[in-house]
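# Coordinate inspection notes
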Amino acid sequence: MVTLYTKLNFSILILYLISGQFTFIHDASAMSDSCVITGPTVVTTSQVIAYVTSLSNVNWEMYSYDGSQAQLVNSNLDTLILNTGPTLGKYTVYTLSDPQKEVLCSLNVNVEAALPVEISSFTSGVSGRNLTLNWTTLMEQNNSGFQIERSVVNDIWYSLGFVKGGGTINSPVSYSYEDKNLSSGRYKYRLKQIDLNGSYRNFELPDYVIIGIPEKYALHQNYPNPFNPSTQINYDIAVSGNVKITVYDISGKVISTLVNGFKPAGFHTVNFDGDDLAGGIYFCKMESGNFILVRKMMLLK
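Since the structure is predicted, the reported quantities are computational estimates derived from the model, not experimental observations.

### Considering the state of the cysteines
In this structure the tally under the stated criterion is one disulfide. C35 shares a disulfide with C105; S-S distance 1.9 Å. Here the residue C35 occupies a position in the loop between strand 2 (21–26) and strand 3 (37–38), and C105 occupies one in strand 10 (residues 103–112), the gap between them amounting to 70 residues. By relative accessible area, which is 7% here, C35 ends up buried.

Given below as structure tokens:
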């Protein structure tokens, strides 16, 4: 641990004691115009940071306005390696001349508390109408897990699922979540990271996710199949137009017309309920323009 050099040239740096706090006042005209310190001005606790100056062979110091100290891990020529340690507050990083110990340049740094969970990346990938969210944490403290949320309009968020967290861990952890069978459109996603004590914070995906228009027509196999009593039928429309989806029994009798009208190009879903039907084989037929396809379904009772 280090403190400010006591041999600083007081024509350059004057130390005042005001209300129990130290305030530094610099004579800017005496500081080197060619000396610039490069590095982050906001850091979190227990973070190792590198600062670089445009000069070489300088001496480094760091001091807090409230009298706290920071640990200088290593300094060499034009580079300072700093461990911010556990102390929050405002610091100033200095470069000093030798042997006069005059302040050549300085940089104000604010040390903030580290988040209980630090996320290093949060991305998405789209395949057809399915989306995969991927995120990585650098460290976790008392992390219960992540609630996955989606918004379509007006920032109204809906919960999709929950991914269990790692509790407390000081090494990177990667997570993923898949959102399937989305309709064409634009979506927003966020993670609600929840601590073991119930407190939470949100991490929002930076950009919208866009589910586009399919390249060709398709009637997908219903899921689940066999089913009891209901099942989901996904279908793709390449060009906006009239669509008809009909369910027949094994004798060819029409049981239900699920869709009959104009549909925009995109990915669509319709549900079929066989609660009032007898168990057996049924057929689902889709017609749109020149496209016709039939799928076999099995209802178990």
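### What to know about the side chain of E149
Position of E149 relative to the elements: it lies in strand 12 (residues 130–151). In terms of polar contacts, E149 uses its side chain to reach the side chain of Q147, at 2.9 Å. Looking at E149, its side chain comes within polar contact range of the side chain of R190, at 2.5 Å. Excluding residues within four positions of it along the chain, E149 makes contact with W157, Y158, S159, K188, Y189, R190 and K192.

### What about the sheet that holds strand 4 (residues 42–44)?
Strand order in the open sheet made by the four strands is 4-10-9-6, with mixed pairing throughout. Unpaired on one side and paired on the other, strand 4 and strand 6 (59–64) mark the two borders of the sheet. Each strand axis lies, on average, 30° off the axis of its neighbour in the sheet, ignoring direction. In this structure, strand 4 lies alongside strand 10, joined through three bridges in parallel fashion. Each bridged residue has a counterpart across the sheet, and for V42 the counterpart in strand 10 is N110.

### With respect to the sheet that holds strand 22 (residues 266–273)
Taken in spatial order, the three strands make up an open sheet running 18-19-22, and their pairing is antiparallel. Each edge of the sheet is formed by a strand with only one pairing partner; in this case those strands are strand 18 (218–219) and strand 22. Where strand 19 (residues 230–237) meets strand 22, eight bridges bridge the pair, whose relative direction is antiparallel. From the neighbouring strand, D236 faces strand 22, where its bridge partner is F267.

### Some details on the pattern of salt bridges
Summed over all chains, the structure comprises six salt bridges. Its salt-bridge partner being E149, residue R190 comes within 2.5 Å of it at the nearest N-O pair. In this pair, R190 is assigned in strand 15 (residues 185–195) and E149 in strand 12, connecting sequence segments 41 residues apart. Among the residues examined, R190 registers a relative accessible area of 15% and is labelled buried. Between E149 and K192 there is a salt bridge, and its shortest N-O distance comes to 3.7 Å. Of the two residues, E149 is situated in strand 12 and K192 in strand 15; the sequence distance between them amounts to 43 residues. Accessibility assignment for this pair places E149 and K192 in one class, buried.

The rules behind each value
Residues numbered from 1 in each chain as written. Predicted model: local features only at pLDDT ≥ 70, side-chain atom pairs only at ≥ 80, totals over all residues. Heavy atoms only, no water. Disulfide = S-S within 2.5 Å. Helix = DSSP H or I, 4+ residues; strand = E, 2+ residues; numbered from the N terminus. Buried < 20%, exposed > 50% of the residue type's maximum accessible area, 1.4 Å probe, protein only. Polar contact = N/O pair within 3.5 Å; in protein donor to acceptor, adjacent residues only side chain to side chain. Contact = heavy atoms within 4.5 Å. Pairing = 2+ DSSP bridges. Axes fitted to C-alpha atoms, helices over the stretch in contact; angles between N-to-C directions. Salt bridge = Lys/Arg side-chain N within 4 Å of Asp/Glu carboxyl O.

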